[in-house]
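As a plain string of letters, each chain reads:
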Amino acid sequence: MLVLAIDTSTPTVVSGLVRDGHTIAQRILPDCRHHNESLVPAIQQCLAEAAAGFAELDAVVVGCGPGPFTGLRVGMVTGAALADALQIPVYGVCSLDAIAQRIDAATLLVATDARRREVYWARYINGERVVGPEVAAPQSLVEPAEVVNVPARYADAIPAAGRRVDMHPTPESLVSVAVFDGSPAPLTPLYLRRPDAKEPKPKPKSPAVPDVVID
């Protein structure tokens with residue numbers, strides 16, 4: 001089974017090919033500010049490296065966040081469009097779960113940058129998510145965990161009983177938390193809050209424009 005895995009929920013754009021649980025090609029683009037322009041070429045590079053074509057894909061796995069609106073939308077729309085064009089299933093996963101899959105800890109807090117001085121977060125016990133995902137100020141996460149995954153800019157704000165790391169999803173970890181039994185559920189983005197963009201307020205009509213009544 002050849003699976004294309006995509007995640008754009010963090011500043012690191014992740015794409016790769018996973019066959020039978022093992023990554024055979026990947027592109028990890030840290031601190032990428034051009035998700036839309038970078039993702040499809042990265043996918044094409046993975047396919048070229050694996051000497052495979054789009055038609056050989058059996059499924060797509062997409063990280064559904066939580067993540068900022070614009071970046072997250074790029075990955076989900078790309079994954080959904082490819083799956084639709086190829087007539088293959090697309091599976092959505094929680095991106096925080098994919099990060100947690102990479103970390104061996106009895107108690108774990110996974111936090112990613114939500115901007116606006118906040119983080120998206122979830123807590124795990126022995127690999128199982130027990131709280132979250134939610135969004136909050138990092139200073140409010142006072143219950144320490146054995147390991148804390150947190151962006152460097154917020155590391156001092158969140159207590160850790162042990163070590164701190166700063167990881168992102170990988171193609172292999174995304175596929176490992178996907179449930180392939182049965183038909184996939186519709187992709188649902190985990191935005192957790194409204195997008196930054198707002199509809200402009202209506203402007204009052206200029207007094208120079210006369211009222212016109214049409215009978």
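Refer to the structure presented above.
Description of the structure in this document. (Residues numbered from 1 in each chain as written. Predicted model: local features only at pLDDT ≥ 70, side-chain atom pairs only at ≥ 80, totals over all residues. Heavy atoms only, no water.)

So, the pattern of salt bridges
Move 1: Summed over all chains, the structure comprises 4 salt bridges.
Move 2: For the salt bridge of Glu 49 with Arg 27, the shortest nitrogen-to-oxygen distance reads 2.8 Å. Of this pair, Glu 49 sits in helix H1 (residues 35–49) while Arg 27 sits in strand E3 (residues 22–29), placing them 22 residues apart in sequence. (Salt bridge = Lys/Arg side-chain N within 4 Å of Asp/Glu carboxyl O. Helix = DSSP H or I, 4+ residues; strand = E, 2+ residues; numbered from the N terminus.)

Some points on the environment of Glu 49
Move 1: Note on Glu 49: relative accessible area 46%, which makes it partly exposed.
Move 2: In sequence terms Glu 49 and Ile 24 are 25 residues apart; their C-alpha atoms lie 8.4 Å from each other. (Buried < 20%, exposed > 50% of the residue type's maximum accessible area, 1.4 Å probe, protein only.)

Looking at the side chain of Asp 7
Move 1: With respect to the element layout, Asp 7 can be found in strand E1 (residues 2–7).
Move 2: Despite its burial, Asp 7 pairs with no opposite charge; the closest candidate is Arg 102, at 10 Å N-O.
Move 3: A polar contact is formed between the side chain of Asp 7 and the side chain of Ser 95, at a distance of 2.6 Å.
Move 4: Not counting residues up to four positions away in its chain, the partners in contact with Asp 7 are Thr 12, Val 13, Val 14, Gly 63, Ser 95, Pro 169 and Leu 174. (Lys, Arg positive; Asp, Glu negative; His and termini not counted. Polar contact = N/O pair within 3.5 Å; in protein donor to acceptor, adjacent residues only side chain to side chain. Contact = heavy atoms within 4.5 Å.)

Details of the nonpolar core
Move 1: Formed by 23 residues in total, the largest nonpolar core has its most connected members in Leu 4, Leu 17, Ile 43, Leu 57 and Val 60.
Move 2: For this core, the leading source of residues is helix H2 (residues 69–86), giving 5 residues.
Move 3: Those residues in contact with Val 60 that lie beyond four places of it in its chain are Val 3, Leu 4, Ile 6, Gly 79, Ala 83, Ile 88, Pro 89, Val 90 and Tyr 91. (Core = buried A, V, L, I, M, F, W, Y, C linked by side-chain atoms within 4.5 Å.)

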